[in-house]
Amino acid sequence: MEGLTDGQIEALFRVARESEYSAVAGEAEELLRGTPAGRELDAQGRAELESALSRLRRRLAEIGAIDFFGAPSREAAEAALQRVERRFRPLAKTRPGGSGARARKPGQTWVTRRGVYIDRIASAWLIRRFIDRSARFRFVEERGYRPAPREVRFDMFEAEYTHEGERCTFEVLLARFGLEEPGLQAVGEMVHDIDLRDGKFARPEAPGLERVIDGIARRHAKDQARIAQGSAVLDALYDALR
C-alpha cells in the first residue's frame, strides 16, 4: 500500500465489497427467476429455498463484517434478499388486532437476524414501547436456528411477524396488534419507504431518518447498541409527529 493515499485505500475496499455484494444480489435474483410468482412450493422446495436464503444471509453478514467503509451496494443486496422472502412467504391469516395478538405474555424473548437495520431497529422499538415493555431481544444467524419456548421471531424467514405482501415488518406489527396511536402510521410509512425502496409514501422525513440510521449502523457494530441508539431517535421522532 506504499504510496497510496487514505482515499485510494478506502476506494480499494469499496470496490472489493461492491463486487461481493453484487454477487449476493445476483444469486438472489436467480432465485426469483427460478420460481415464478404465485407458484406453491412443496416441502422440499421450501427447504431448499430456506437453505439458499440462509447461505446468502450468512454471506451478506460476512461481507458486512469487513465492509469498513460502507460500500453502497449492501442495501441493494439486502433488498434483493427481501424480495425473495416476500414472494415466497404466504400472507398471514391473522386480521388486524385479531386472534389474541394483544394477549401475548409480557417479557418474551423476541428473536431476529443479526446486523439490524431500519425495519428491525424500528420494529424492536415498537415492540418494547407499545407491545411488550419487558421484551428481551436475541440476535441469531438464521441457519440452524430453532425457536425455543417463549421466543417470538420477527423480520426473518418464516417468522411469526415479518414481511407480508407489500408490507414491511413494522407495518405488519401495527396491523396485527391493532396499533393506531397517532404518529405510528407516519413512522411506518417512513420505515416502509426506506426498507422497501418503492417510493410508495414518499414522506419528506424518510431520507433524513435513513441517514441517521445509517450513521448509527456505521458507528455501532453490536445490535443492542443499534437498537438503543435507534430507539432514542424514534422516541423523539414519534413525539414530534404526535
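Please refer to the structure higher up on the page.
Residues numbered from 1 in each chain as written. Predicted model: local features only at pLDDT ≥ 70, side-chain atom pairs only at ≥ 80, totals over all residues. Heavy atoms only, no water.

What follows covers the pattern of salt bridges. Where charged atoms from two side chains of opposite charge approach closely, those side chains can pair. For the structure shown, the criterion picks out 21 salt bridges. Residue glutamate 20 pairs with arginine 59 through a salt bridge whose shortest N-O separation is 3.6 Å. Residue glutamate 20 is found in helix α1 (residues 6–34), and its partner arginine 59 is found in helix α2 (residues 43–65); the two are separated by 39 residues along the sequence. Accessibility expressed as a relative area gives 33% for arginine 59, which makes it partly exposed. Among the salt bridges present, the one from aspartate 235 reaches arginine 129, with a minimum N-O distance of 2.7 Å. Note that aspartate 235 is positioned in helix α8 (residues 223–241) and arginine 129 in helix α4 (residues 118–131), a separation of 106 residues in sequence. According to the relative accessible area criterion, aspartate 235 is partly exposed, its value standing at 28%. Overlapping salt bridges, with partners in common, bring together Arg17, Glu20, Arg59 and Glu62 in one network. (Salt bridge = Lys/Arg side-chain N within 4 Å of Asp/Glu carboxyl O. Helix = DSSP H or I, 4+ residues; strand = E, 2+ residues; numbered from the N terminus. Buried < 20%, exposed > 50% of the residue type's maximum accessible area, 1.4 Å probe, protein only.)

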